[in-house]
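# Coordinates in review
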Amino acid sequence: MCTRQQISIPVFPKWLVPGSVIVMCFSVWSSSAWAYRPFDGTDAAVAAPGELEIELQPAGRLRESGTTSLIAPATVINYGLSEGWEAVLEGQGQTPLSPSGPTSLTTAGAFLKHVLQPGSLQDKAGPSIATEFGMLLPDSTGNSGVGASLAGIVSQRWDWGTIHLNAETALTRDHHADLFVGGIIEGPSKWTVRPVAEFFYEKDFGQFETVSALVGLIWRVRDNLSFDVGLRHALTNGHPVNEIRAGLTFGFPLQMLSERRQQSR
């Protein structure tokens, strides 16, 4: 940006505080979870059967078209339905800060993800191949409707790093055709802190065209808990978009949660 922008310090809604406490308590029970925050794309892997994985961004900052917004929270919930299948539910709260405005629920969706070919992400030889498909749910404000999307994902892991390729076609909430292609590059999976990057191109036909780049880090505290941070810069119809993302990913078997509740009684 050529001019210095004044950054507003957000006041977090009261409901976000207990929610964050609950999240941190859950992280104690986490089983193996693989962070695919802070990306727009995803990987060709799914949660284990009966396991709940949560990707949470407590707060982020988005600057576009002269408006600064608080993204809080942004959440993706993944549940392993059976071997190779998971259900995905996602959405985010968005609150304009400058100028101020009401909070709305955006980018909500419900999907199914399936591993078509197990590969390196499943400790097997060759690439992992998956598909994800489902519904794009209406925003809480405005006149958006229901859309649909279908994506293909290919992932390959080597000693030096991992690459994930994404291609998605969609009918948007406003019933326009949309195309998304992107790639994620990660450092060695054995590193405690690994550098990551993502590049993607998206075209909403007749509406907008976006070219985006993100760089960041993923810090694996242990196998069951990861934190991430990412800085994203994009051009949408030639106008700059800047975003700061930071969050965590964790998972736990629902059976374990039920057993702990019974023990506490």
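Remember, predicted model here, so these are calculated numbers, not experimental data. Along each chain, numbering runs from 1 in the same order as the chain's sequence is written. Whole-chain, interface and lining totals are the exception, using all residues; otherwise, since this is a predicted model, local features are given only for residues with pLDDT of at least 70 and side-chain atom pairs are given and counted only at 80 or more. Values reported for side chains reflect all heavy atoms of the structure, with hydrogen atoms and water molecules removed beforehand.

### As for the side chain of Ser 104
Cut-off, in case you're wondering: Each helix corresponds to a stretch of at least 4 residues labelled H or I by DSSP, and each strand to a stretch of at least 2 residues labelled E; elements are numbered beginning at the N terminus. Exposed residues in this analysis have more than 50% of their type's maximum accessible area, buried residues have under 20%, and partly exposed residues fall in between, with area computed by a 1.4 Å probe over protein chains only.
By the element assignment, Ser 104 lies in strand β5 (residues 104-117). Relative accessible area serves as the criterion here: at 13%, Ser 104 is assigned to the buried category.

### A look at the pairing of β5
Applicable threshold: At least two DSSP bridges between two strands are required for those strands to pair.
Across nine bridges, strand β4 (residues 85-98) lies against β5 in antiparallel orientation. Paired with Leu 89 across the two strands is Ala 110, which belongs to β5. Counting the residues that bridge the hairpin from β4 to β5 gives five residues. Direction of pairing for β5 relative to strand β6 (residues 128-136): antiparallel, over a ladder of eight bridges. Note on β6: the bridge partner recorded for Leu 112 is Phe 133.

### Points about the packing of aromatic side chains
Quick reminder of the rule: Stacked, edge-to-face and tilted are the three classes for Phe, Tyr and Trp ring pairs, Trp counted by its six-membered ring, which pair at centre distances within 6.5 Å; planes under 30 degrees apart are stacked, over 60 edge-to-face, the rest tilted.
All told, the structure shown has six aromatic pairs when counted by the stated rule. Both rings, one in Phe 250 and one in Phe 252, keep their centres 6.5 Å apart while their planes meet at 15 degrees; by these two values the pair is stacked.

### Thoughts on the side chain of Ser 128
Note the following rule: Each polar contact in these results corresponds to two N or O atoms within 3.5 Å; when the atoms are within protein, one needs to be able to donate a hydrogen and the other to accept it, and residues that are neighboring in sequence are counted only if both atoms are side-chain atoms. Contacts are assigned to residue pairs that have any heavy atoms within 4.5 Å of one another.
Along the chain, the position of Ser 128 falls in strand β6. Within the local environment of Ser 128, its side chain forms a polar contact with the backbone nitrogen of Gly 119, the two atoms lying 3.2 Å apart. In terms of polar contacts, Ser 128 uses its side chain to reach the backbone amide nitrogen of Leu 121, at 3.1 Å. The contacts of Ser 128, once residues within four sequence positions are left out, are Ala 44, Gln 117, Pro 118, Gly 119, Ser 120, Leu 121, Gln 122, Ile 153, Val 154 and Ser 155.

### Considering the environment of Thr 172
Structurally, Thr 172 is set in the loop between β8 (161-171) and β9 (177-186). Judged by relative accessible area, which is 11%, Thr 172 ranks as buried. As a C-alpha pair, Thr 172 and Leu 136 span 36 residues in sequence and 7.2 Å in three-dimensional space. Residues within four places of Thr 172 in sequence aside, it is in contact with Leu 136, Val 146, Gly 147, Asp 178 and Asp 204.

### A look at a nonpolar patch on the surface
The line we're drawing: Think of a patch as exposed residues, more than 30% relative accessible area, with no salt bridge, where like charges cluster within 9 Å and nonpolar side chains (Val, Leu, Ile, Met, Phe, Trp, Tyr) cluster within 5 Å. For accessible areas, the Shrake-Rupley method is used with a probe of radius 1.4 Å. Any residue's cover is judged against the shown protein chains and nothing else. We define a salt bridge as a contact between a side-chain nitrogen of Lys or Arg and a carboxyl oxygen of Asp or Glu at a distance within 4 Å.
On the surface, Val 193, Leu 217, Trp 219, Val 221 and Val 229 cluster together into a nonpolar patch covering about 400 Å² of accessible area. In terms of residue count, the dominant contributor to the nonpolar patch is strand β11 (residues 208-222) (three residues). Of note, Val 193 is situated in strand β10 (residues 193-204).

### Structural notes on the nonpolar core
Definition in use: By nonpolar core we mean a set of buried residues, namely Ala, Val, Leu, Ile, Met, Phe, Trp, Tyr and Cys, connected to one another through side-chain atoms within 4.5 Å.
In this structure, Leu 52, Ile 54, Leu 56, Leu 225, Leu 248, Phe 250 and Phe 252 together form the largest nonpolar core, which totals seven residues. Every element with two or more residues in this core is listed here: β1 (51-57) and β13 (239-253). Among residues more than four places away in sequence, those in contact with Leu 52 are Ile 77, Asn 78, Tyr 79, Phe 250, Gly 251, Phe 252 and Leu 254.

### Brief notes about the pattern of salt bridges
Applying the stated criterion to the full structure yields seven salt bridges. With its nearest N and O atoms 3.0 Å apart, the salt bridge here joins Arg 232 to Glu 243. A residue pair is termed long-range when its members are at least 10 positions apart, and Arg 232 in strand β12 (residues 225-236) and Glu 243 in strand β13 qualify at eleven residues. Residue classification places Glu 243 among the buried residues on the basis of a relative accessible area of 10%.

### Description of the pairing of β8
Judged from the eleven bridges that link them, strand β7 (residues 147-158) and β8 form a sheet pairing that is antiparallel. Within β8, the residue paired with Ala 148 across the bridge is Leu 171. The hairpin turn running from β7 into β8, its antiparallel successor, is two residues long. Here β8 runs beside β9; their pairing, made up of ten bridges, is antiparallel. Its bridge partner being in β9, Glu 168 is matched across the sheet by Phe 180. Linking β8 back to β9 in an antiparallel pair, the connection comprises five residues, with His 175 at a positive phi of about 65 degrees.

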